[in-house]
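Results of the structural survey
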Amino acid sequence: QVQLVESGGGLVQAGGSLRLSCVASGSILSINNMAWYRQAPGKQREQVAVISPGGTTNYEDSVKGRFTVSRDNAKNAIYLQMNGVKPEDTAVYYCKADGVLTSTPYLVNDYWGEGTLVTVSS
């Protein structure tokens, strides 16, 4: 199994910055796409940003120009630099990885972290 652990969440003032991290561990052969999702109270979970192994990125429209997703393939890690945060960014942020286990190199499964809470105060 792949374990994903997020960190970096917390309380931040509107307009401030925060950096989220997620590190995957386990018997990993490789990790394909990695992504950040978020879920605000009473809302559906939505994809915030996704990044391919080669560094190709896509962002949800509301975070374009403010958030930057990056990854470190050697560390099996993904990061989300959040600048100019807004109260509407308040949510639990989850990382997701499409991973291949060494025991099943022919399969790709989705793995999720447990989430880290980001609260933006106004």
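Use the structure listed above.
Not measured: the values here are computed from a predicted model.

**Quick word on the side chain of Ser-21**
Of note, Ser-21 is situated in strand 3 (residues 18-26). Exposure remark for Ser-21: the relative accessible area of 15% places this residue in the buried category. Leaving out residues up to four positions away in the same chain, Ser-21 has contacts with Val-5, Glu-6, Ser-7, Trp-36, Ile-78 and Tyr-79.

**A short note on the packing of aromatic side chains**
Under the defined criterion, the tally for this structure stands at one aromatic pair. The positively charged end of Arg-45 is found above the aromatic ring belonging to Trp-112, 4.9 Å away from the centroid.

**Focus on the state of the cysteines**
All chains considered together, the criterion is met by one disulfide. Residue Cys-22 pairs covalently with Cys-95 via a disulfide, S to S 1.9 Å. Classification of the bridge connecting Cys-22 and Cys-95 rests on its S-S torsion, roughly 40°, and on that basis the disulfide is right-handed. You can see Cys-22 sitting in strand 3 and its partner Cys-95 sitting in strand 9 (residues 91-101), a full 73 residues away along the chain. Just as Cys-22 is buried, Cys-95 falls in that class too.

**Some remarks on the sheet that holds strand 7 (residues 67-72)**
The four strands are arranged 1-3-8-7 in an open sheet whose pairing can be described as antiparallel. Whereas interior strands pair on both sides, the edge strands pair on one side only; in this sheet they are strand 1 (2-7) and strand 7. Averaged over all adjacent pairs, the angle separating strand axes in this sheet is 15°, with direction ignored. For strand 1 and strand 3, the ladder comprises six bridges, and the chain directions are antiparallel. Bridge pairing links Gln-3 to Ser-25 in strand 3.

**Concerning the pattern of salt bridges**
One pass over the full model with this rule turns up four salt bridges. As a salt-bridge pair, Arg-38 and Glu-46 come within 2.8 Å of each other at their nearest N and O atoms. Given a relative accessible area of 6%, Arg-38 falls into the buried group. Here Asp-89 makes a salt bridge to Arg-38, at a shortest N to O gap of 3.0 Å. One end of the pair, Asp-89, is in the loop between strand 8 (77-82) and strand 9; the other, Arg-38, is in strand 4 (residues 28-39), with 51 residues separating them in the sequence. Arg-38 shares its class with Asp-89; the two are buried.

Parameters and conventions
- Numbers given to residues run from 1 along each chain, matching the order in which its sequence is written.
- With the structure being a predicted model, the display of local features is reserved for residues of pLDDT at least 70 and the display and counting of side-chain atom pairs for 80 or more, all residues being used for whole-chain, interface and lining totals.
- Working from all heavy atoms in the structure, the side-chain values ignore hydrogens and water.
- The secondary structure listing takes helices from DSSP runs of H or I that are at least 4 residues long and strands from runs of E that are at least 2 residues long, numbered from the N terminus.
- Exposure classes here rest on a 1.4 Å probe applied to the protein chains alone. A residue is buried below 20% of its type maximum, exposed above 50%, and partly exposed in between.
- The contact rule is simple, with two residues in contact once any of their heavy atoms fall within 4.5 Å.
- Stacked, edge-to-face and tilted are the three classes for Phe, Tyr and Trp ring pairs, Trp counted by its six-membered ring, which pair at centre distances within 6.5 Å; planes under 30 degrees apart are stacked, over 60 edge-to-face, the rest tilted.
- Any Lys NZ or Arg CZ that is within 6 Å of a ring centre and within 35 degrees of that ring's normal is treated as a charge sitting over the ring.
- Sulfur atoms of two cysteines make up a disulfide when they are within 2.5 Å.
- One requirement defines pairing of two strands: DSSP has to find at least two bridges between them.
- Here an angle of 0 to 180 degrees is reported between the N-to-C directions of two axes, which are lines fitted to C-alpha atoms, with helices fitted over the stretch in contact.
- We count a salt bridge whenever a side-chain nitrogen from Lys or Arg sits within 4 Å of a carboxyl oxygen from Asp or Glu.

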